[in-house]
Structure formats: structure tokens, C-alpha cells
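Structural overview for review
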Amino acid sequence: MGVMDYKDDGLSTEMPIKNELSATEEGTMTHGHNTSLQRDLKARHITMIAIGGAIGTGLIIGTGSALAKAGPASILISYSVVGFVVYLVMCGLGEMASWLPLPSGFTGYATRFVDPAMGFAIGYTYWFKYIIVTPNQLTAGALVIQYWIDAERVNPGVWITVFLVCIVCINYFGVKFFGEFEFWLSSFKVIVILGLILLSFILMLGGGPDKDRKGFRYWKEPGAFNTYIDDGAAGRFYAFWATMVSATFAYLGTELVGVTVGEAQNPRKTIPRAIKLTFYRIVVFYVVSVLLVGTLVPYNSDELIFASKQSNSAAASPFVVAIVLAKIPVLPHILNACILLFVFSAANSDLYIATRTIYGLAKEGKAPALLARTDKRGVPVIALGLCSAIACLAYMNVSSDSKTVFGYFVDLVTIFGLLTWVSLLVTHIYFVRARKAQRVPESDLAYKAPFGVIGSYGALAFCILICFTKSYDVFTYNEEWGHFNYKKFITAYLGIPLYLILIFGYKFTTGSKSVNPHEADLWTGKEEIDREEQEFLAWKAAHEEQHAGANWFYRKFVSWLF
């Protein structure tokens, strides 16, 4: 028996919740131990975690190398196209999550609607992604600090240790503390990004110290498109397609809101709202910022070429290059401090996602049952301990010899993220098939994907195309690696055979079969969620009546943004 504790402004109501699972999700759980998460993430936590997951170093830093390689028009097109694909992924996820918010997240939907083998594969590929990216973020934090303090003065392992201890503590203190911390950190991210967009707009119009009104000058000279591998139209297309990887990497993490459904208050409303607003955030934070930075920095700038060779520090950001070109002093140091907070927030949420993903697998019997045990606060402490131990891989980067080796593992993150999107889109397609087969009317849905199953099919085709072509340049001649870069090829595409091995290995071992649309489990646990929703809405109505005056300003002027 879990306990949901709604607390806000001194008013609290405890509501007993029985955690029901389908037979598949019950797995091999050992009874007698607490294995329940608590719904302590409020609407503002969910929406800001969704924003925080979408804003990271991929946008602030990764656009630099993409701009240098392909030019401003190429990155504008690629970020817009991939952004729309991400929106379609989120719409499909929102339709499933609002129908049945499962604590096991992605894995639960794939297990119920597609095949238990698909649930097994998506769970572990998503977990692999985050146990790889978490230590990478810790390393990035240490590299950012090297902008001020050289590695010879203070060993990077010191900063890695400090960051690791901090994020483990934040995750250990419970999801309520985690949600509050990420809310304020993500709010800060929003302010920084909006500030950068405003600054970029001012600089474009000549408001900087250099008084240079740039406009779209750099789109004419050196041009809107750069060339890569070849000359002419073919070279421009190669350069454009190469930026698809940068755009995909920048958007990875947007789907993490699906992991929070098991700990969200009133998920039927908060999850769809967070996903609906994703479209506007993609347009503002990504498309507008990429458009503006492309007007401020020419792709052949010496500063940009130098920055694209740097590590995860302010020096690598095209926004900093724009500030340097505009001759604004001190600001690069301030932006570097902001990037440090961005990296810390990313490491914090990455550890949270890794923990909740392996917890969800354990709840389904696809990982040791021990990992599904939680303490009285609903924190899966054993799963947290395992993921924290794996995060110690970050110490590999203290040795310069290991940086190259570990860098190849980072290349796996993009393919694992793409395979997650592929799995989510397939799951949504099967969910729609099951819903139609069982004659569930669209009017019963709390949220309907605006482009329906057609949007999921289109996004699925595009994601598969990127999966197979994302590192096409490993087959081309380069002075550094010759005619074939086998190391990059292995790390770029290893995720695909691993994903297929997980699916067919599970099917062979367990004999699982694809779920028949007429037999897909759309209902187990739904009645409980419906009852829980009604109880929450009743509590909220009483609370808002009691605190109507105090909450008026927030509802009127702030809540629409967050």
C-alpha cells in the first residue's frame, strides 16, 4: 500500500493508493517489500523537467561544430525538421501516458501493446544511454571548470567527485526535493536561453559595442550553406545531412517526461500539458536561437573553427563566439558559469532517469527484483546505488589515454536515443491499433495526438533513415583515418545489432509473442488512476477555494509560462 501525500502551502491530504500491476508488470516481484514510487511531482515540476530535458549543452555548445561544418541555413533546416519529428514522438507518448500513466514508463507501454521483448529492449537501450551519458556529463562539468582552473592545478577527478556526491544526494533526498531542485534549475535555464536570444537579436541589429548591424550579411558572404566531402550541390547536401546528428543529439532527452509519469500528480492533465507546450518550446528555444546565432557568426570564422575543436566549455559555444566578435568583455565568463549549471542539471536528471528506468525494468521482472525496492520515501535506493556506481566511469576521463576510448562510447548515446524514439513510435502505432480493435472511442482519451497514427508512421520512417545514415562519413576518405573509420563505425552503429539481439534474444529465451490488438491490456490499473484523479481534483478544488487570493498572481501571470 503506497501513500500519496499532497502538500502545498500548509494544506495536506493523505490518500491511500493501491498499486495494481498487470500480470506482465508483476513479473517476479518479491512481496513484502516496499516497491512503490510516490506521486510528488507537481504540474510545474513536470513541465519544467520537460523543458530542462530539452535544453542542454547540445544546444548551447553542439551548434558550434554544426555551424562550422554546414552553415546557418543547414542547421536551421535540420533543427526545424528534427524538432518536428521530436514533437510527433512526444504527441504519441502523451496519448499513451494520459490514457494510462504507468510507473514503468516506456517499457510498460511496449510490453502491454507491442511485445514483452520490445519492452525489454527499449528499457535496456534507454538505460544504457543514461548510464553512458551521466558520467559523460560529470566529465563535461570538470572540463567546464578548466576554463578557469587548469587541470595541472586541480585534478579533474576532484570536480567529478564533488558533482557525483551532489547529484547522488539530490536523488537520494526524494522525488519531491528532486522536483523542486530541477524546477528552479530549469527555470534558470529558461532565463539564460531567453537572455541569449534577446542578446543575439540586439547584436544582430547593431546594439553591441562594435555597433555593427549584421542582419543576414553572413548568409550572403560566406553564404548560407557550406560544403562537406564534395563541392557544389552534393557537398552542400552532405554538409546538411551531417548536421542531422548534431540536431538529434541536441533534442535527446525531450522524451524524459515519459519517465516521470509514475511520480506525477494528476498525470492525466500535467503530462499532456507539458507535451503540448513542447512544440512552442522547440520553436522558441531551438529554432529561433539557431536562426539568430547563424546571423552573428560566419561559418568560416577563425574563432568558430577554433571553438569547434574545443571541449565542453564556453569556448566551444557559438554564442560565446558571437559575444567575442561583438567585443563584449566579461560575459564569456558569466556564460561559462551558466553552462556549468546546465551540465550539473543534466547530470542530475540523467541519474534520475537511469535509476527510474532500471526500477521500471525490475518492476516488470526484467531486472533483479532487488532493484525495485524503495525506502519509505519512495526512493529506489538500490537502483540509485547501482547507477551511481556505474557513473564512476567518469573517472576514466581523468587519464588522457582513456579519453579517446571513452569518447567512442559517447557516440552510442545518439543511436540509443534514436532507437528509443523508434520504439516509442512503434508502441504508439500498436496502441492505436489496439484502441481501434477494442472499439475505444477517441472521446475517451484525455489527450489525442494531433497528427494521429499518420504522424507516427512519418516520424518512424525518418528516425530509421537517420539511424542508418547518421555516420555516413565513416565510409569516406579522410587523412586522419584513411578510407574507412572502423572505430567510429562500430560505436556509431553498435546500438542497432545490440537492440535486435535484446529483442530476439528475449523472444528466444522466454518464448514471448507479439500482442494481439484485440487482447492488448488497455485497462489494468486504469480504474485506479481514474479514482485517484477524481480524489486529486476534489482536493485541488478545496485547496484553491481556500487559497484563491494567494494563488491569483501565479495563475494569472506565471503559470502559462511554466
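Along each chain, residue indices are assigned from 1 in the same order as the chain's sequence is written. Owing to the predicted nature of the model, reporting of local features is limited to residues with pLDDT of at least 70; listing and counting of side-chain atom pairs is limited to 80 or more, with chain, interface and lining totals taken over all residues. Excluded from the side-chain calculation are hydrogens and water; included are all heavy atoms of the structure.

As recorded by an unreviewed UniProt entry, the protein carries the name Amino acid transporter and is attributed to Aspergillus melleus.

1. Section: the pattern of salt bridges
Only one rule defines a salt bridge in this text: a Lys or Arg side-chain nitrogen within 4 Å of an Asp or Glu carboxyl oxygen. Following the criterion strictly, the structure yields five salt bridges and no others. Ionic pairing is found between Asp210 and Lys214, a salt bridge with its closest N-O pair at 3.3 Å. When the shortest N-O distance is used, the salt bridge between Arg217 and Asp212 registers 2.5 Å. Only protein chains enter the calculation, and the probe is 1.4 Å; a residue is then buried if its accessible area is under 20% of its type maximum, exposed if over 50%, and partly exposed in between. Of the residues examined, Arg217 reaches a relative accessible area of 34% and is grouped as partly exposed. Accessibility expressed as a relative area gives 23% for Asp212, which makes it partly exposed.

2. Some words on the environment of Gly62
We count a stretch as a helix when DSSP gives it H or I for four or more residues in a row; a strand needs E for two or more, and each element gets its number in order from the N terminus. Following the sequence through the fold, Gly62 ends up in helix H4 (residues 62–70). The spatial distance from the C-alpha of Gly62 to the C-alpha of Ser317 is 7.3 Å, given a sequence separation of 255 residues.

3. Thoughts on the nonpolar core
One finds Leu138, Ile358 and Trp421 to be the most contacted residues of the largest nonpolar core, which totals 154 residues. The element contributing the most residues to this core is helix H7 (residues 116–145), with 17 residues. The definition of a nonpolar core used throughout is a set of buried Ala, Val, Leu, Ile, Met, Phe, Trp, Tyr and Cys residues joined through side-chain atoms within 4.5 Å.

4. Some points on the packing of helix H9 (residues 175–204) against helix H13 (residues 278–296)
Angular values range over 0 to 180 degrees, each being the angle between N-to-C directions of two axes fitted as lines to C-alpha atoms, with helices fitted over their stretch in contact. Viewed as axis vectors pointing N to C, H9 and H13 meet at an angle of 35°, and their least axial separation amounts to 9 Å. You can see that H9 and H13 cross each other, and the crossing is left-handed. Contact residues: Val190, Ile193, Leu194, Ile197, Ser200, Phe201, Leu203 and Met204 in H9; Val284, Phe285, Val288, Ser289, Leu292, Thr295 and Leu296 in H13. Nonpolar residues are Ala, Val, Leu, Ile, Met, Phe, Trp, Tyr, Cys and Pro. Charged residues are Asp, Glu, Lys and Arg, and all others, Gly as well, are polar. In the contact of H9 with H13, the residues fall into 12 nonpolar, three polar and no charged. Handedness of a helix crossing follows the sense of rotation of the near helix relative to the far helix, less than a right angle counterclockwise being left-handed and clockwise being right-handed. Should any heavy atoms of two residues lie within 4.5 Å, those residues are considered in contact.

5. Notes on the environment of Val245
As for its position among the elements, Val245 is in helix H11 (residues 232–251). Between the C-alpha atom of Val245 and that of Thr414, which follows or precedes it by 169 residues, the distance is 7.6 Å. In this structure, Val245 is in contact with Thr414 and Lys470, ignoring residues within four places of it in sequence.

6. Section: helix H16 (residues 331–363)
One fewer than the residue count of a helix, multiplied by 1.5 Å, yields its expected span. Taking 1.5 Å per residue, 33 residues should reach 48 Å; H16 reaches 48 Å between its end C-alpha atoms and fits that length. Buried residues dominate H16, accounting for 28 of its 33 residues. Positioned one or two residues after H16, Gly365 has a phi angle of 80°, which is positive.

7. Digging into the packing of aromatic side chains
Only centres within 6.5 Å qualify two rings of Phe, Tyr or Trp (six-membered ring in Trp) as a pair; their planes then separate them into stacked at under 30 degrees, edge-to-face at over 60, and tilted for everything else. Across all of its chains, the model carries 25 aromatic pairs by this definition. In this structure an aromatic cluster arises from ring pairing among Phe120, Tyr124, Trp127, Phe128, Phe416 and Tyr506.

8. Brief notes about the confidence of the model for the protein
Per-residue confidence from the predictor is given as pLDDT, running between 0 and 100. Averaged over the protein, the pLDDT score is 79; the fraction of residues at 70 or greater is 78%. Across residues 1–32, confidence stays below pLDDT 50; counting only partners more than four residues off in sequence or on other chains, it has 82 contacts.

9. Topic: the environment of Thr134
Looking at the element boundaries, Thr134 is found in helix H7. Between the C-alpha atoms of Thr134 and Ile390, which are 256 residues apart in sequence, the distance is 8.9 Å. Leaving out residues up to four positions away in the same chain, Thr134 has contacts with Ile167, Ala347, Asp350, Leu351 and Ala391.

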